[in-house]
2 protein chains.
Amino acid sequence: MSLIVQKFGGTSVGSVERIESVADKIASFRDQGHSVVVVVSAMSGETNRLTDLAQQVQQSPTPREMDVLLSTGEQVTTALLSMALIKRGLSAKSYNGRQVKIVTDSAHTKARIKHIDDQAIHADLAAGSVVVVAGFQGVDEEGNITTLGRGGSDTTAVALAAALKADECQIYTDVDGVYTTDPRVVDSAKRLNQITFEEMLEMASLGSKVLQIRSVEFAGKYQVPLRVLSSFVEGPGTLITLESDNNMETPAVSGIAFQRDEAKLTIKGIPDTPGVASKVLGPVSDANIEVDVIVQNAAADGTNDITFTVARNDLARAADVLENVKQELNAVEVLTDDAICKVSIVGVGMRSHAGVASKMFATLAELSINIQLITTSEIKVSVVLDEKYMELAVRGLHTAFGLDGEPVLAQA
Amino acid sequence: MSLIVQKFGGTSVGSVERIESVADKIASFRDQGHSVVVVVSAMSGETNRLTDLAQQVQQSPTPREMDVLLSTGEQVTTALLSMALIKRGLSAKSYNGRQVKIVTDSAHTKARIKHIDDQAIHADLAAGSVVVVAGFQGVDEEGNITTLGRGGSDTTAVALAAALKADECQIYTDVDGVYTTDPRVVDSAKRLNQITFEEMLEMASLGSKVLQIRSVEFAGKYQVPLRVLSSFVEGPGTLITLESDNNMETPAVSGIAFQRDEAKLTIKGIPDTPGVASKVLGPVSDANIEVDVIVQNAAADGTNDITFTVARNDLARAADVLENVKQELNAVEVLTDDAICKVSIVGVGMRSHAGVASKMFATLAELSINIQLITTSEIKVSVVLDEKYMELAVRGLHTAFGLDGEPVLAQA
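Within each chain, residue numbers correspond to sequence positions counted from 1 in written order. All chains are assigned letters beginning with A, and all ligands numbers beginning with 1, in the order in which they are written. Only residues with pLDDT of at least 70 get local features here, since the model is predicted, and only at 80 or more are side-chain atom pairs given and counted; chain-wide, interface and lining totals rely on the full set of residues. To get the side-chain values, take all heavy atoms of the structure and skip hydrogens and water.

## As for the overall build of chain A
Okay, so step 1: Helix numbers and strand numbers start at the N terminus; a helix is a DSSP run of H or I with at least 4 residues, a strand a run of E with at least 2. The number of helices and strands found in chain A is 12 helices and 18 strands.
Okay, so step 2: The globule rule is 2.2 Å times the number of residues to the power 0.38, and the radius of gyration it is compared with is taken over C-alpha atoms. What you see for chain A is a C-alpha radius of gyration of 24 Å, in line with the 22 Å of a compact globule of 412 residues.
Okay, so step 3: In terms of principal-axis extent, the alpha carbons of chain A reach across some 75 × 50 × 30 Å.
Okay, so step 4: Within chain A, counting contacts between residues at least 6 apart in sequence, those at least 24 apart form 74% of the total.
Okay, so step 5: Exposure was quantified through the Shrake-Rupley algorithm and a 1.4 Å probe, taking into account, for residues, occlusion by the shown protein chains and nothing else. For chain A, the computed accessible surface area is about 17200 Å², with 48% contributed by carbon and sulfur atoms.
Okay, so step 6: Just so you know, the count uses Lys and Arg for positive and Asp and Glu for negative, and it drops His and the chain ends. For this purpose, a charge sits on NZ of Lys, CZ of Arg, CG of Asp or CD of Glu. The average position of the 36 basic charges and that of the 53 acidic charges among the side chains of chain A differ by 3 Å. Whether two residues touch is decided by their heavy atoms; if any such pair falls within 4.5 Å, the residues are in contact.

Set out below in structure tokens:
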């Protein structure tokens, strides 16, 4: 008899047939005696349909009205799923963000949850109802409808699980769990039974985008056990936990993440004085360009090089900014490279295993892959490589760190 | 500087282009210095789309969830129209039923408005905003979403106009006003500049269905001046008022209403004793069959005939009920006729003009049309005729009572 929060995304509820099949799944959980709170997204395609309508009216739609518009998508799904559950003889009731109520700040289209009033839901759960909640939306203190931004339904699910002190928060997606790396690149990639929040954050931000990163942060902060499963295939999925079960047994590396579409900029021959890094990177950030890897090398001659990476489609703008900086600092030159990638090994096991980084470098050396940049954190080592070596590097590292499993079927 | 409530139906907001044109209309009212509250329906087709989805899930959808589902349709329109107004440089804000708030009872899918809390709207109007309200919906005391039934947006508009003490409630439709009769039957039918609530009720219930009858009753009760206009054609429309301007000048008859699809039943030879009418009509009403005209004739021989009309598709069920009644009361026979129609002359002027009814009968006699039944009220005389004479009768009466105008263009 546990309390489970289950979240089904747009693809999982994309048609009446799929809503019926979600209802079957929920019914079987109820049969096992669990209490269930379900969070749903808009049916796939609906959010785009509404966004298109808005953009036909207003090129940059007024955020408050955009939220009024988009929030209807999830509300439609809650009603249809509740009907499907009631048809199965279950008691069920839909809730929109205001009815829960999920109180947010007033930052329309990207609101943050402030608190959740779970009184009404608790009463319905106690009465044996399945509670069906519209994801992605809330209400501000003045009663305006707000939304949490794309993918915000994951956040709704985790926040509800935290507020209700649920035993588990299950996120149903179109993949059956978190993999050691992308199975489209390495066909022997393995599903992980378990991964820590920290690892998941590194994996997600590095390109294994299974869950919205905010929801993972949220789950970590409130210690909500989070499970990623497939809506379409039976299986245990991947459990995301606070700490790995047993550090002794933990493999050094849990997964290999990678990121394409990166670009690299170097400004050479700047003075090696305090504050110079901020003089270079301040204007970049002022231009709203997100910087990823940053490496600074002081040369013996009292000058300095700074290299950093940005998303490839920000490269032109970033180069313009750097040209100005070059004039100002009397730097020697600005170099750019738009054919790079980033490959990372991720694992909490690194903390207790020595030599993980050097094993990575050795593996790449054996494959004759030149490393352009290196950055490290406590649970991650990232290298920047020539883009054309990406698959080769990922496969080599996957094997070297003992991650290969049976080849998996192609993922949807 | 008056306060106007304007209601636009589904056809008027059926596409982005039409929403833009509604926004133009509202902007021109604002330019004239009026305060404007706009009530909108769902975009045409949307309510059917949602109803279809629901019926794919549940043959008889749970009413509470049906309201959650359907109420999204109007909410979408409020957001899009607000965006269109903001694009025109106006201040505008959408409201759903809960945000207004429009408090109803809990009779899902056919809720009745209990009261309206207009505080928030007043504040926005005072600040110069156009207030855009989702029609058709409200919220019950427990915060559940309710809807007022099909056509309920008219009711929302009138109720808001009453609550806000608006100077006028304008209902924009696809016709440009109320006509002396249906222009599809009489091509010289004239648009009425003015009609009383009582006349409008008689016209509406008799088939000239321009406005939802509940909204007319509501407007009459709260003395809200109501105007029916076209969304597509400029013009003054028809003003519906409490009393006609000047009784001396009022024509005897304002319009000719008619109803097809009626059927007639007669039970002959029932005992002429007190309570016999209720013994006949009680079981009919118990079977949820709505009865229209009722005529009772006591014969000299101490027996009695009762004749009444019902909607044609209720005829078979009504006949079954009457057969049972016949057994019980030892009546002689039950006769049915499914080829009848009802034609009525309507006008508050009848109160001060003698001989209106006899002029009607004389007109029909001249046309050799046999009258089967006659009923009268203070402002209406109705006759039941053989269906095949309907057009002939309507045209003849339209001319006889001086209603003919210039032939109008075909109505949409």
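## Quick word on the environment of Ala 400 of chain A
Okay, so step 1: Its location among the elements puts Ala 400 of chain A in helix 12 (residues 390–400).
Okay, so step 2: Beyond its immediate stretch of four places on either side in the chain, Ala 400 of chain A contacts Lys 359 and Thr 363 of chain A.

## Side note on the packing of aromatic side chains
Think of a pair of aromatic rings as described by two things: how far the centres are apart, and how the planes are tilted against each other in angle.
All names here are of chain A.
Okay, so step 1: Any pair of Phe, Tyr and Trp rings, taking the six-membered ring for Trp, is counted once the centres come within 6.5 Å. Such a pair is stacked with planes under 30 degrees apart, edge-to-face with planes over 60 apart, and tilted for the rest. Inspection of every chain in the model, using the stated rule, returns four aromatic pairs over all chains.
Okay, so step 2: Pairing Phe 218 with Tyr 222 gives two aromatic rings, centres 5.2 Å apart and planes at 40°, and the pair type is tilted.
Okay, so step 3: Burial classification: accessible surface area is computed with a 1.4 Å probe over protein chains only, and a residue below 20% of its type maximum counts as buried, one above 50% as exposed, and the rest as partly exposed. Take Tyr 222: its relative accessible area is 44%, and that puts it in the partly exposed class.

## Examining the interface of chain B and chain A
Okay, so step 1: In this complex, chain B contributes 40 residues to the contact, which on the side of chain A involves 40 residues.
Okay, so step 2: Buried area is a sum: the accessible area each of two parts loses on coming together, probed at 1.4 Å, counted once for each and added. For the pairing of chain B and chain A, the buried interface totals around 3300 Å² over both sides, and the portion due to carbon and sulfur atoms is 62%.
Okay, so step 3: The three residues of chain B that bury the most area against chain A are Val 57, Glu 65 and Met 83 of chain B, which together make up 21% of that side's buried surface.
Okay, so step 4: The salt bridge criterion pairs a side-chain nitrogen of Lys or Arg with a carboxyl oxygen of Asp or Glu, the two atoms within 4 Å. At the boundary of chain B and chain A, one finds two salt bridges.
Okay, so step 5: Residue Arg 49 of chain A pairs with Glu 46 of chain B through a salt bridge whose shortest N-O separation is 3.7 Å.
Okay, so step 6: Under the rule applied, a polar contact is a pair of N or O atoms within 3.5 Å (in protein, one hydrogen donor and one hydrogen acceptor; residues adjacent in sequence only if both atoms are side-chain atoms). For the pair chain B and chain A, the interface holds 14 residue pairs in polar contact (both at pLDDT 80 or more).
Okay, so step 7: Mapped onto the side of chain B that touches chain A, the elements with two or more residues apiece are helix 1 (16–31), helix 2 (46–57), helix 3 (63–87), strand 3 (92–95) and helix 4 (97–100) of chain B.
Okay, so step 8: Element by element, the count of residues in the side of chain B that touches chain A is highest for helix 3 of chain B, at 17 residues.
Okay, so step 9: Of the residues belonging to the side of chain B that touches chain A, the class tally is 19 nonpolar, 13 polar and eight charged. We call Asp, Glu, Lys and Arg charged. Ala, Val, Leu, Ile, Met, Phe, Trp, Tyr, Cys and Pro are nonpolar, and the rest, Gly among them, are polar.

## Quick look at the side chain of Asn 304 of chain A
Residue and element names in this part refer to chain A.
Okay, so step 1: Among the structural elements, Asn 304 can be located in strand 15 (residues 303–311).
Okay, so step 2: Among the residues examined, Asn 304 registers a relative accessible area of 1% and is labelled buried.
Okay, so step 3: Beyond its immediate stretch of four places on either side in the chain, Asn 304 contacts Ile 267, Lys 268, Gly 269, Ile 270, Pro 271, Asp 272, Val 276, Gln 296, Asn 297 and Ala 298.

## Here we look at helix 10 (residues 315–329) of chain A
All names here are of chain A.
Okay, so step 1: In a helix, the anticipated span is given by 1.5 Å times the number of residues less one. In this model, helix 10 (15 residues) spans 20 Å end to end at C-alpha, consistent with the 21 Å of a helix rising 1.5 Å per residue.
Okay, so step 2: Looking at the buried side of helix 10, the elements it contacts are strand 13 (255–271), helix 9 (276–286), strand 15 and strand 16 (333–346).
Okay, so step 3: Just past helix 10, the residue Asn 330 takes up positive phi, approximately 55°.

## Focus: the pattern of salt bridges
Pairs may arise between side chains of opposite charge once their charged atoms sit close together.
Okay, so step 1: This structure, assessed with the given rule, holds 40 salt bridges over all chains.
Okay, so step 2: Within the structure, one salt-bridge network assembled from shared partners comprises Glu 20, Asp 24, Lys 87 and Arg 88 of chain A.

## A few points about the packing of helix 11 (residues 356–366) of chain B against helix 12 (residues 390–400) of chain B
Two packed helices can be described by the angle between their axes and the distance between those axes.
Residues and elements named next belong to chain B.
Okay, so step 1: Only the contacting stretch of a helix is used when fitting its axis, a line to C-alpha atoms as for every element, and angles between N-to-C directions run 0 to 180 degrees. Relative to each other, helix 11 and helix 12 sit at 130°, their axes nearing to 10 Å. The angle between the axes of helix 11 and helix 12 places the two elements in the oblique class. With respect to the hand of their crossing, helix 11 and helix 12 are arranged in right-handed fashion. For the pair helix 11 and helix 12, the contacting residues are Lys 359, Met 360, Thr 363 and Leu 364 in the first and Ala 393, Gly 396, Leu 397 and Ala 400 in the second.
Okay, so step 2: Here the residues of the contact of helix 11 with helix 12 sort into five nonpolar, two polar and one charged. Relative orientations are named as follows: roughly parallel for angles under 35 degrees, roughly antiparallel for angles over 145 degrees, roughly perpendicular for angles from 65 to 115 degrees, and oblique for any other angle. Handedness of a crossing follows from how the near helix is turned relative to the far one, being left-handed for an anticlockwise turn of less than a right angle and right-handed for a clockwise one.

## Digging into the pairing of strand 18 (residues 380–386) of chain B
Residues and elements named next belong to chain B.
Okay, so step 1: In terms of burial, strand 18 is largely enclosed, as six of its seven residues are buried.
Okay, so step 2: Note: two strands are recorded as paired if DSSP finds a minimum of 2 bridges between them. As judged from the seven bridges shared by strand 16 (residues 333–346) and strand 18, these two strands associate in the antiparallel manner. Directly across from Ser 344, in strand 18, lies its bridge partner Ser 382.
Okay, so step 3: As judged from the six bridges shared by strand 17 (residues 371–377) and strand 18, these two strands associate in the antiparallel manner. Residue pairing across strands places Thr 375 opposite Ser 382, the latter belonging to strand 18.
Okay, so step 4: Between strand 17 and strand 18, which follow one another and run antiparallel, lie two residues.

## Some details on the side chain of Ser 94 of chain B
Okay, so step 1: Examined against the element boundaries, Ser 94 of chain B turns out to sit in strand 3.
Okay, so step 2: There is a polar contact of 2.6 Å between the side chain of Ser 94 of chain B and the side chain of Glu 65 of chain A.
Okay, so step 3: Every residue in contact with Ser 94 of chain B, bar those within four places of it in the chain, is listed here: Arg 64, Glu 65 and Val 68 of chain A together with Thr 78, Ala 79, Ser 82, Gln 99 and Val 132 of chain B.

## Considerations on the nonpolar core
Okay, so step 1: What is meant by a nonpolar core is a set of buried Ala, Val, Leu, Ile, Met, Phe, Trp, Tyr and Cys residues, joined one to another through side-chain atoms within 4.5 Å. If you look at the biggest cluster of nonpolar residues, it comprises 40 residues, and the most contacted ones within it are Val 5, Val 37, Ile 121, Val 133, Leu 160, Cys 169 and Leu 226 of chain A.
Okay, so step 2: Discounting chain neighbours no more than four positions away, the residues touching Cys 169 of chain A are Val 5, Ala 157, Val 158, Ala 161, Val 224, Pro 225, Leu 226 and Arg 227 of chain A.
Okay, so step 3: In this structure, Ile 116, Cys 169, Ile 240 and Ala 257 of chain B belong to the second largest nonpolar core, which totals 39 residues.

## Structural notes on the sheet that holds strand 10 (residues 194–196) of chain B
Residue and element names in this part refer to chain B.
Okay, so step 1: Strand order across the open sheet formed by eight strands is 3-6-2-1-9-11-12-10, with mixed pairing between neighbours. Of all strands in the sheet, those bounded by a partner on one side alone are strand 3 and strand 10. Put simply, the sheet's adjacent strands are angled 20° from each other on average, direction ignored.
Okay, so step 2: One ladder, built from five bridges, connects strand 9 (residues 168–173) with strand 11 (residues 226–230); its direction is parallel. Bridge pairing links Thr 173 to Ser 230 in strand 11.

## Describing the pairing of strand 6 (residues 130–134) of chain A
Residues and elements named next belong to chain A.
Okay, so step 1: Within strand 6, five of the five residues are buried, which leaves it mostly tucked inside the rest of the structure.
Okay, so step 2: In strand 6, alternate side chains face the same way, and those of Val 130, Val 132 and Ala 134 on one face and Val 131 and Val 133 on the other are all buried.
Okay, so step 3: Pairing of strand 2 (residues 35–40) with strand 6 involves four bridges; the strand directions are parallel. Each residue of the ladder has a partner; that of Val 38, found in strand 6, is Val 132.
Okay, so step 4: Of the strand pairs in this sheet, strand 3 (residues 92–95) and strand 6 are connected by four bridges, and their pairing is parallel. Bridge pairing in strand 6 links Ser 94 to Val 132.

## With respect to the relation of the copies chain B and chain A
Okay, so step 1: When the copies are superposed, the least-squares fit draws on C-alpha atoms of residues that have pLDDT of at least 70 in both. Superposing chain B onto chain A takes a rotation of 180° combined with a translation of 0.1 Å along the rotation axis, leaving an RMSD of 0.2 Å. The two molecules are tied by a two-fold rotation axis, judged by turn and shift. Taking C-alpha positions as reference, the residue of chain B nearest the rotation axis is Thr 72 of chain B, located at 2.6 Å.

## Describing the confidence of the model for chain A
Okay, so step 1: Every residue carries a pLDDT, the predictor's confidence in it, which falls somewhere between 0 and 100. Mean pLDDT over chain A works out to 90, with 95% of the residues at or above the 70 mark.
Okay, so step 2: Residue range residues 408–412 of chain A is modelled with pLDDT below 50. Its contacts to residues more than four positions away, or to other chains, number nine contacts.

## Side note on the sheet that holds strand 2 of chain A
Residues and elements named next belong to chain A.
Okay, so step 1: The mixed open sheet is built from eight strands, whose spatial order is 3-6-2-1-9-11-12-10. Looking along the sheet, the strands with just one partner apiece sit at the ends: strand 3 and strand 10 (194–196). Looking at each pair of strands side by side, their axes are set apart by 20° on average, direction ignored.
Okay, so step 2: Sheet topology places strand 1 (residues 3–8) next to strand 2; six bridges connect them, and they run parallel. Bridge pairing links Gln 6 to Val 38 in strand 2.

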